[in-house]
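Notes for the structure review
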Amino acid sequence: MKNFAIKLVWFTTIYVFVFAGLCQTNVALPVIMTLYCVGIPLILFMVYTVLTDDYKTTKTFKDWYGDHPMKTLEKEES
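Residues numbered from 1 in each chain as written. Predicted model: local features only at pLDDT ≥ 70, side-chain atom pairs only at ≥ 80, totals over all residues. Heavy atoms only, no water.

Examining the overall build of the protein chain
Regarding its fold elements, the protein chain presents three helices and zero strands. When its helices and strands are written in sequence order, the protein chain yields α-α-α. For the protein chain, the proportion of its 78 residues judged to be buried stands at 13%. Of the roughly 6,900 Å² of accessible surface on the protein chain, 69% is carried by carbon and sulfur atoms. (Helix = DSSP H or I, 4+ residues; strand = E, 2+ residues; numbered from the N terminus. Buried < 20%, exposed > 50% of the residue type's maximum accessible area, 1.4 Å probe, protein only. Areas by Shrake-Rupley, 256 points an atom, 1.4 Å probe, with all protein chains shown as cover.)

Spelled out as structure tokens, the structure:
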């Protein structure tokens, strides 16, 4: 997901923060409504893109976390 999908997530996140900030200022209502009408399909497109992305990994649940020692996981399985 380090291709188009992650860039789209970052762009959408920034867009939502800018939109929320502009809602708190004295911006004209037609501008806010236009940004709102663009933002809803943008969020839906982002969700669709992330869910249908061809991301593959070789990690499994047995790999646990990279910074977590494996000894703890082996004790829980025994």
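There is more to say, and it comes next.
A look at the side chain of Thr12
Inspection of the secondary structure puts Thr12 in helix H1 (residues 4-23). Polar side-chain contacts of Thr12 include one of 2.8 Å to the backbone oxygen of Leu8. Setting aside residues up to four positions removed in sequence, Thr12 forms contacts with Leu42, Ile43 and Met46. (Polar contact = N/O pair within 3.5 Å; in protein donor to acceptor, adjacent residues only side chain to side chain. Contact = heavy atoms within 4.5 Å.)

Remarks on the packing of aromatic side chains
Summed over all chains, the structure comprises three aromatic pairs. Here the aromatic rings of Phe11 and Tyr15 are separated by 6.3 Å at their centres, their planes lie at 40°, and the arrangement is tilted. With Phe11 and Tyr15 both in helix H1 and four residues apart, the pair spans about one turn of that helix. Residue classification places Phe11 among the partly exposed positions, given a relative accessible area of 47%. Relative to Tyr36, the ring of Phe19 lies with its centre 6.4 Å away and its plane at 35°, an arrangement referred to as tilted. Taken as a pair, Phe19 in helix H1 and Tyr36 in helix H2 (residues 29-51) lie far apart in primary sequence, 17 residues in all. Among the residues examined, Tyr36 registers a relative accessible area of 42% and is labelled partly exposed. (Phe/Tyr/Trp six-rings, centres within 6.5 Å; stacked < 30°, edge-to-face > 60°.)

Observations concerning H2
Spanning 23 residues, H2 covers 33 Å between terminal C-alpha atoms, matching the ideal 33 Å at 1.5 Å per step. If you check which residues of H2 are buried, you get Ile32, Gly39, Leu42, Met46 and Thr49. For H2, the secondary structure elements touched by its buried residues are H1. (Expected span 1.5 Å × (residues − 1).)

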